[in-house]
Amino acid sequence: DFETTGVDRRKSLPLEIGMECTDMLGEQKFGSLSRIIRPDRLDLLSMSPVAFSMHTDNGLLFELMGGSVRNDSMVVVANAVEEFLDSLSQRFSLVPAGTNVDFDLDLLRLNLNPDAWLTYRKYDMATIRRLVTVLGAPDPYQGDSGPHRVKSCIARDIKDYKAMLETLAVKTGDHK
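Residues numbered from 1 in each chain as written. Predicted model: local features only at pLDDT ≥ 70, side-chain atom pairs only at ≥ 80, totals over all residues. Heavy atoms only, no water.

Draft legend 1. Unusual backbone geometry, seen in detail. Positioned with a positive phi, Asn 100 is a non-glycine residue whose angle comes to about 55 degrees. Within the secondary structure, Asn 100 is located in the loop between β4 (97-98) and α5 (101-108). (Helix = DSSP H or I, 4+ residues; strand = E, 2+ residues; numbered from the N terminus.)

This is the structure in structure tokens:
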């Protein structure tokens, strides 16, 4: 998951990245990464007003002010992501999953080649949420959306995914 300055893939800057590796049931966790990304330059007036308000309220902009180029620059964080994915890909077939996963993959491609570690298959939670709503389940987008930081968004996606497996009455084996 990424938190960004807006929703335009070409213009938005990444501000935070988070990843969690789980089994295909979302029950067993094998590793996680969460990092702020301090942009070289951040023009707050060019940020989407929604993103500005959200990231002021959730503390991300304040946290970025305390970040350092040495620890939180795009290059340093990209290296940490590369090490994380490289380590996990030695043991697992990594299937990208999350809400609007193509947006996140496009942001990863700015500095890395995620195809080196990730399968071409993916689980887009926005699509899955829409599917279960069409099938009669409650709309998961109604209600509290949480603080909208990568850890909370990933936790929400995993919780929703597990609930959707139940809703769809999917019978699964011991897949990983």
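Draft legend 2. Structural detail: the side chain of Ser 12. The topology assignment puts Ser 12 in the loop between β1 (2-4) and β2 (14-22). Here the side chain of Ser 12 touches Gly 6 through a polar contact of 3.1 Å, landing on its backbone oxygen. Beyond its immediate sequence surroundings of up to four residues, Ser 12 is in contact with Thr 4, Thr 5, Gly 6, Val 7 and Leu 107. (Polar contact = N/O pair within 3.5 Å; in protein donor to acceptor, adjacent residues only side chain to side chain. Contact = heavy atoms within 4.5 Å.)

Draft legend 3. Quick look at the pattern of salt bridges. Applying the stated rule across the entire model yields twelve salt bridges. A salt bridge links Arg 129 to Asp 157; its shortest N-O distance comes to 2.5 Å. In this pair, Arg 129 sits in helix α6 (residues 125-134) while Asp 157 sits in helix α7 (residues 150-167), placing the two residues 28 residues apart along the sequence. Across this residue pair, the class does not change: Arg 129 and Asp 157 are buried. Of the charged contacts, one joins Lys 159 and Asp 160 as a salt bridge, the two residues approaching to 3.5 Å between their closest N and O atoms. (Salt bridge = Lys/Arg side-chain N within 4 Å of Asp/Glu carboxyl O. Buried < 20%, exposed > 50% of the residue type's maximum accessible area, 1.4 Å probe, protein only.)

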